[in-house]
Amino acid sequence: MGLLTGKTALITGASAGIGLATAEVFAREGARLILTARRLERLDKLSQMLRNDHNAEILNLRLDVKNKKGVESAIDSLPAEWQNIDILVNNAGLGLGLDHIKDGSPDDWDDMIDTNVKGLLYVTRAVLKLMTPKQNGHIVNLGSIAGIEVYPGGNVYCATKFAVNAITKALRAELLDKNIRVTTIDPGMVETEFSIVRFKGDEQRAKNVYTGIDALTGTDIAETILFCVSRPAHVNINQVVIMPSQQASTAYVHRKQK
Ligand code: 8X3
């Protein structure tokens with residue numbers, strides 16, 4: 001028996017990074033998985049691996065969380081045996097650029113706001129339609145240290161993660177009498193594709209972000225999510241702020257010299 005045997009979890013942005021690691025850890029613990037991402041080919045590969053390694057039961061869904069109608073219809077038309085969602089991990093999100101506002105790209109701002117804030121809302125609303133009647137569930141939102149403090153160039157990304165924090169707190173209050181727990185995980189530096197996406201494929205610049213630091217891995221975050229969702233029913237972990245041991249804030253980082 002795994003810690004999540006008999007539970008069904010929906011994970012957004014499951015094709016890479018923290019989402020992929022969460023899919024792996026949840027599969028290991030026996031969860032049934034609805035994996036969503038824009039890149040179905042990647043999901044197909046991942047689910048094949050999880051079926052082989054953990055005998056996992058998996059439904060893949062191509063989903064762009066920015067697509068309001070698409071999100072609604074995909075969740076509304078889930079096969080009956082997949083509608084009983086116990087855990088929602090709102091992981092899909094991205095940072096784009098590190099420019100100051102005066103030099104920023106409004107298209108990048110739209111993309112971050114549409115994905116990190118509006119996308120999270122669309123998915124949450126659609127899943128709550130299924131979760132609320134059964135009076136049982138857990139929503140885990142991926143926030144960030146950028147949702148607690150700001151840094152130059154963080155501007156709009158930070159704003160989206162502050163919004164995730166506000167949405168998380170409001171949701172928690174709204175769902176108190178529905179037996180649905182709400183948690184936010186706020187990581188510092190996690191070495192995934194995050195910085196490669198932020199710097200639009202500039203791998204060297206992305207690598208420099210983590211130079212001299214044993215950064216967190218997607219698996220570190222996935223294990224933390226697992227801890228939160230496997231507490232007894234009366235326990236809700238409201239918020240987890242988690243950083244590498246060499247990071248104290250967005251400004252204080254100790255880099256080891258080579
Ligand atoms: C990412 C963390 O500090 O790079 O969510 O903005 S940071």
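Going by the structure above, here's the rest.
Here the structure is a predicted model, which means the values were calculated and not measured.

Calculation notes
- Residues numbered from 1 in each chain as written.
- Predicted model: local features only at pLDDT ≥ 70, side-chain atom pairs only at ≥ 80, totals over all residues.
- Heavy atoms only, no water.
- Near = heavy atom within 4 Å.
- Polar contact = N/O pair within 3.5 Å; in protein donor to acceptor, adjacent residues only side chain to side chain.
- Areas by Shrake-Rupley, 256 points an atom, 1.4 Å probe, with all protein chains shown as cover.
- Nonpolar A, V, L, I, M, F, W, Y, C, P; charged D, E, K, R; others polar.
- Phe/Tyr/Trp six-rings, centres within 6.5 Å; stacked < 30°, edge-to-face > 60°.
- Lys NZ or Arg CZ within 6 Å of the ring centre and 35° of its normal.
- Salt bridge = Lys/Arg side-chain N within 4 Å of Asp/Glu carboxyl O.
- Helix = DSSP H or I, 4+ residues; strand = E, 2+ residues; numbered from the N terminus.
- Buried < 20%, exposed > 50% of the residue type's maximum accessible area, 1.4 Å probe, protein only.

Enquirer: Tell me about the site of the ligand, and please be specific about residues and values.
Expert: Lining the immediate surroundings of the ligand are Ser144, Ile145, Ala146, Tyr151, Tyr157, Gly188, Phe194 and Arg198. Taking Ser144, its side chain carries an N or O atom lying 2.6 Å from an oxygen atom of the ligand. The side chain of Tyr157 places a nitrogen or oxygen atom 2.6 Å from an oxygen atom of the ligand. For the ligand, the accessible surface in isolation is 250 Å², of which the surrounding protein chains cover 83%. Residue composition of the shell around the ligand, grouped by class: 5 nonpolar, 2 polar and 1 charged.

Enquirer: Tell me about the packing of aromatic side chains, and please be specific about residues and values.
Expert: Applying the stated criterion across every chain yields a total of 1 aromatic pair. Geometry around Trp82 places Arg32 over its ring, the cationic atom sitting 4.0 Å from the centre. The positively charged end of Arg198 is found above the aromatic ring belonging to Tyr157, 5.1 Å away from the centroid.

Enquirer: Could you give me a rundown of the pattern of salt bridges, with the residues and numbers involved?
Expert: Following the criterion strictly, the structure yields 13 salt bridges and no others. Here Arg125 makes a salt bridge to Glu72, at a shortest N to O gap of 3.9 Å. Note that Arg125 is positioned in helix H4 (residues 106-134) and Glu72 in helix H3 (residues 68-76), a separation of 53 residues in sequence. Given the relative accessible area of 52%, Arg125 is considered exposed. Through salt bridges that share partners, Arg28, Glu29 and Glu223 make up one connected network.

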